[in-house]
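Summary of structural features
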Amino acid sequence: MLKYFRRISKMGKDNGELKEYQPLLKDFQEPAQQIKVPSKSLLLAVCAAGIGGTFQYGYNISIINAPTKAVQNFINQTWTERYNTEISTQVLTLLWSTIVSIFTLGGLVGASVGGTLAIRFGRKGTLLFNNTFALLAALFMGLSYPSSTFELLIIGRFLTGVNAGIGICVQPLYIGEIAPRALRGAMAMGTSIFITGGILTGQVIGLNELLGKEEYWPILLSTICIPAVMQLLILPWFPESPRYLLIDRGDDVACNKALMWFHGPDKYHGEKEDMERERVSAIGIKPKKPWELFTDTSLRWQLLTLFVIHTSQQLNGINAIYFYADYVFTQAGIPADKIPYATVGTGACECITALTCGLLIESLGRRALIIGGYSLMSVCCVCFTIALTFQESSPWVPYLSMICVFAFILSFGLGPGGVTNILTTELFTQTNRPAAYMIGGSINWIAFFFIGMIFPFIVNGLKQYCFLVFLVICCLVATYIFFVVPETKNKTFLEIQSEFYSKKKLIAANGTEGPLLSTPM
């Protein structure tokens, strides 16, 4: 029906006829062009998916910082009671490092199975099931103190990692698949908004005025059950991903119901047409496993892009900025007992930037934001290196360092922090996307672990000049994206795939393996 009216519209424009039908034809324009803001149903769905998804990732990264000394005292006390001797500094450091870093190992496990679970149980079903790990983790960590068993902290942190790994893999899948094409970028920013919101919430909850006191640390670590319970209560009221229902399950009736629920009975036809085209192209093709993507030569550039953007998200220097933040704040004259509040300021800065990116991404596009973000981060690396080098030469230099800290965080939030997960959704079609998220998530967690292991050595060896390493990384990534990655704004997944494929054919025809030509921003 919609195609028939489009054909009439084209005839009317060509022949100057059918003017009396123009008011009627306007009602059959692409729904994606009419939608200016997400519907209330879509916004609520993003919140329901995010509160138990990537919010947990940010929250668990953040809350472990506040009880550092309290947990170490607990380990020392438990060790003394068991073995009638104080624990050595080396063993204590090893145990604490294990508690902190095993979160990364759990995240890698979660990312490795998240795509498979999303195919088997659905996006919504996997998010609901994922809360089991958070509830068990909260139970184990809450019982560690009364049972005098610090090993439960290790188990609990591993389970929180699994929960975060699955959440950061499946939540962007769900949001990206329910979003209308014209608002896919803005809605997918919910992933970053909830990560930064989780970091900020953890920083606030960890203040001494709330749960940051030494005696409250078991309660603090157990609060991860709250987002899990909230999602279990809220998310069941929302439909499954319409793309999953149509393309993976072949359930046309359930897909139509979900589309009408998300977009309304009058605005879902355009989205359904896009899904139908993708379904037709995927007939006879089963969802691929991660290793099958590597053998598909048509996905070579998408996979390379996936590797570049996810690796650089961890290796771009954002971790170094947070490492140096306390030193910079101290040098600027902020009292030691007030530094946690300044740290909360950095979390608020990143959260506000994610919100800002969500407002800009559909007008500026993905390329402009991520290239601009990495370019600004490169400038900040240079300025921060100079400021740290001459930190004590003048009383105003520490304030320049503070400006660099916040400017770097703003640049990260506007660019790679917000756009990376959106590109992962958009560069792959339905049958490839879960495997792509498994690969991207695994790369992210491995890079996270890698930077955690080598970063202390980089800082000890290069001091403030470590930012020159991050400068090179940021410049290289910005250059790669400029030459290789096309603009994906307001394009269907098939159009994006076709653009990569046509460029690959162009390279093959020219007999060169040079860079892809970029499309306009």
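Residues numbered from 1 in each chain as written. Predicted model: local features only at pLDDT ≥ 70, side-chain atom pairs only at ≥ 80, totals over all residues. Heavy atoms only, no water.

**A short note on a nonpolar patch on the surface**
- Residues L135, I226, V229, M230, L232, L233 and I234 make up a contiguous nonpolar surface patch of about 560 Å² in total accessible area.
- The greatest single-element share of the nonpolar patch, amounting to six residues, is contributed by helix α13 (residues 225-234).
- Mapped onto the fold, I226 is located in helix α13.
- Owing to a relative accessible area of 47%, I226 belongs among the partly exposed residues under this scheme. (Patch = residues over 30% accessible without salt bridge, like charges linked within 9 Å, V, L, I, M, F, W, Y side chains within 5 Å. Areas by Shrake-Rupley, 256 points an atom, 1.4 Å probe, with all protein chains shown as cover. Salt bridge = Lys/Arg side-chain N within 4 Å of Asp/Glu carboxyl O. Helix = DSSP H or I, 4+ residues; strand = E, 2+ residues; numbered from the N terminus. Buried < 20%, exposed > 50% of the residue type's maximum accessible area, 1.4 Å probe, protein only.)

**Structural notes on the packing of aromatic side chains**
- Scanning all chains against the criterion turns up 15 aromatic pairs.
- Note on W79 and Y83: the rings are 4.7 Å apart at their centroids and 55° apart in plane angle, and the pair reads as tilted. Remark: Y83 and W79 occur in helix α6 (residues 68-83); sequence separation between them is four residues, near one turn of the helix.
- The class for W79 is partly exposed, based on a relative accessible area of 21%.
- Relative to F483, the ring of F482 lies with its centre 5.2 Å away and its plane at 90°, an arrangement referred to as edge-to-face.
- Look at F483 and you get partly exposed, because its relative accessible area is 38%.
- Among the aromatic residues, those joined into a ring-pair cluster are Y57, F103, W445 and F448.
- A cation sits over an aromatic face here: R433 above F493, 4.1 Å from the ring centre. (Phe/Tyr/Trp six-rings, centres within 6.5 Å; stacked < 30°, edge-to-face > 60°. Lys NZ or Arg CZ within 6 Å of the ring centre and 35° of its normal.)

**Looking at the environment of I370**
- When you line up the elements, I370 lands in helix α21 (residues 366-389).
- Here the alpha-carbon distance between I370 and I309, two residues 61 residues apart in the chain, equals 9.7 Å.
- Among residues more than four places away in sequence, those in contact with I370 are G415, P416, V419, T420, L423 and I481. (Contact = heavy atoms within 4.5 Å.)

**A word on unusual backbone geometry**
- The phi dihedral of N84 falls on the positive side, at around 55°, and the residue is not glycine.
- Along the chain, N84 turns up in the loop between α6 and α7 (89-121).
- We classify N84 as exposed; its relative accessible area is 68%.

**So, the confidence of the model for the protein**
- Mean pLDDT over the protein works out to 83, with 89% of the residues at or above the 70 mark.
- Across the protein, the secondary-structure element scoring lowest on mean pLDDT is helix α3 (residues 31-34), at 42, and the one scoring highest is α13, at 96.
- Between residues 1-35, whose pLDDT stays under 50, and residues either more than four places distant or in other chains, the model counts 29 contacts.
- Low pLDDT, under 50, characterises residues 512-521; the predicted model gives this stretch 29 contacts beyond four residues in sequence or across chains. (pLDDT = per-residue confidence, 0-100.)

**A closer look at the pattern of salt bridges**
- Following the criterion strictly, the structure yields 15 salt bridges and no others.
- With a closest N to O distance of 2.4 Å, R277 and D274 form a salt bridge. One end of the pair, R277, and the other, D274, are both in helix α16 (residues 269-281), three residues apart, so they sit about a helical turn from each other.
- Residue class for R277 comes out partly exposed when judged on its relative accessible area of 40%.
- Judged by relative accessible area, which is 5%, D274 ranks as buried.
- Via salt bridges that share partners, R123, E177, R243, E278 and R433 belong to a single interconnected network.

**A few points about helix α25 (residues 466-484)**
- An ideal rise of 1.5 Å per residue puts 27 Å on 19 residues; α25 measures up with 28 Å between its terminal C-alpha atoms.
- Burial in α25 covers these residues: C466, F467, F470, L471, C474, V477, A478, Y480, I481 and V484. (Expected span 1.5 Å × (residues − 1).)

**Concerning the state of the cysteines**
- The tally for this structure, following the rule as stated, stands at zero disulfides.
- C383 forms no disulfide, and the closest cysteine sulfur to it belongs to C404, at a distance of 5.1 Å.
- Look at C383 and you get partly exposed, because its relative accessible area is 33%. (Disulfide = S-S within 2.5 Å.)

**Considerations on the nonpolar core**
- Membership of the largest hydrophobic core comes to 74 residues, with the highest contact counts inside it found for Y57, Y374, F384, W445, F467 and I481.
- Apart from the residues within four sequence positions on either side, W445 is in contact with Y57, F103, T104, G107, L108, A111, A164, G165 and I168.
- Membership of the second largest hydrophobic core comes to 52 residues, among which are L42, C169, V170 and I178. (Core = buried A, V, L, I, M, F, W, Y, C linked by side-chain atoms within 4.5 Å.)

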